Amino acid sequence: MIQIIFGEKGSGKTKQILELSNRAALTAKGSVVFVDVDERYMYDLNLSVRFINAAEYGISGPKQFFGFLAGISASDHDLEYLVVDSFTEIVRHDLASLEDLFKQLDAFTDAHHIRLILSLSCAEEQIPAYLEAYRS
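This structure is a prediction, so every number in the text was calculated from the model and none was measured.

**Student:** Looking at this model, I keep getting lost on the pattern of salt bridges. Mind explaining?
**Tutor:** Between side chains of opposite charge, a pair can form when the charged atoms approach closely. A complete count under the given rule lists two salt bridges for this structure. Notably, a salt bridge pairs Asp38 with Arg40, separated by 2.9 Å at the nearest N-O pair. On the basis of relative accessible area, Asp38 is assigned to the partly exposed category, the value being 22%. Residue classification places Arg40 among the exposed positions, given a relative accessible area of 55%. Here Glu132 ties to Arg135 by a salt bridge, and the two come within 3.1 Å at their closest N and O atoms.

**Student:** Whenever I open this one, helix H2 (residues 62–75) confuses me. Can you help?
**Tutor:** Counted at 1.5 Å a residue, the expected span for H2 with its 14 residues is 20 Å, and the 20 Å between its end C-alpha atoms agrees. When H2 is considered as a whole, its buried residues turn out to be Pro62, Phe65, Phe66, Phe68, Leu69, Ile72 and Ser73. End-on view of H2: buried residues confined to an arc of 160°, all on one side of the axis. In H2, the exposed positions that point more than 90 degrees away from the buried face belong to Lys63, Ala74 and Ser75. Against the buried residues of H2 lie strand E2 (31–36), strand E3 (50–53), strand E4 (79–84), helix H3 (87–91), helix H4 (99–112) and strand E5 (115–121).

**Student:** What exactly am I supposed to notice about the packing of aromatic side chains here?
**Tutor:** Aromatic rings in a pair are described by how distant their centres are and how their planes are angled relative to each other. Taken as a whole and judged by the stated rule, the model has seven aromatic pairs. Plain terms: the ring middles of Tyr57 and Phe68 are 5.3 Å apart, the flat faces sit at 45° to each other, and that makes the pair tilted. Here Tyr57 is found in the loop between E3 and H2, whereas its partner Phe68 is found in helix H2, with 11 residues between them in sequence. When its relative accessible area of 12% is taken as the criterion, Phe68 is described as buried.

**Student:** I keep staring at helix H1 (residues 13–27) and nothing clicks. Help me out?
**Tutor:** What sets the pattern is the α-helix's 3.6 residues per turn: residues three or four places apart point alike. In this model, H1 (15 residues) spans 21 Å end to end at C-alpha, consistent with the 21 Å of a helix rising 1.5 Å per residue. Where H1 is concerned, the buried positions are Lys13, Thr14, Ile17, Leu18, Leu20, Ser21, Ala24 and Ala25. Viewed end-on, H1 has its buried residues packed into an arc of 165°, placing them on one side of the element. Exposed and facing more than 90 degrees away from the buried side of H1 are Lys15, Arg23, Leu26 and Thr27. Looking at the buried side of H1, the elements it contacts are strand E1 (2–7), E2, E4 and E5.

**Student:** Explain the sheet that holds E1 to me, please; I cannot follow it from the model alone.
**Tutor:** Working definition: the strands of a sheet are paired by backbone hydrogen bonds and lie parallel or antiparallel to each other. Here we have five strands laid out as an open sheet, ordered E1-E5-E4-E2-E3, and parallel in their pairing. The open sheet has two edge strands, E1 and E3, and neither has a second partner. Between one strand and the next, the sheet's axes are offset by a mean angle of 15°, whatever the strand orientation. For E2 and E4, the ladder comprises five bridges, and the chain directions are parallel. Bridging across to E4, Val33 finds its partner in Leu82. Across the face of the sheet, H4 comes into contact with E1 and E5 while running at roughly 135° to E1.

What counts and what doesn't
- Residues numbered from 1 in each chain as written.
- Predicted model: local features only at pLDDT ≥ 70, side-chain atom pairs only at ≥ 80, totals over all residues.
- Heavy atoms only, no water.
- Salt bridge = Lys/Arg side-chain N within 4 Å of Asp/Glu carboxyl O.
- Buried < 20%, exposed > 50% of the residue type's maximum accessible area, 1.4 Å probe, protein only.
- Helix = DSSP H or I, 4+ residues; strand = E, 2+ residues; numbered from the N terminus.
- Expected span 1.5 Å × (residues − 1).
- Arc of directions from axis to C-beta.
- Contact = heavy atoms within 4.5 Å.
- Phe/Tyr/Trp six-rings, centres within 6.5 Å; stacked < 30°, edge-to-face > 60°.
- Pairing = 2+ DSSP bridges.
- Axes fitted to C-alpha atoms, helices over the stretch in contact; angles between N-to-C directions.

Put into structure tokens, the structure is as follows:
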């Protein structure tokens, strides 16, 4: 399952997914992993939430991003929540070109029973139609 939190820069998306991650840590039966582009919010997370700085892994496109997430899942069979802040900064591609990635992610998260939550910085009018199904 994929859930996307949309909003323009400064609209409170990061605060929302930090709170969501911390609530999930209290109720999840499996693991909660939080991915960001730097370590700025690492200490705002519950101690049971695993933090990963994506900048350390040289991700520069959708295929690498998918491989990165699949690797996280492969190393943690109890993964229940995978929360990604600053998605477009990690993937470094225009949202309009990522429809195939989202199809892959949708199938992958369903097959592995993972709840993937992404924050996307973009204006309402820039949201591609294919992403509407994932709107939070």
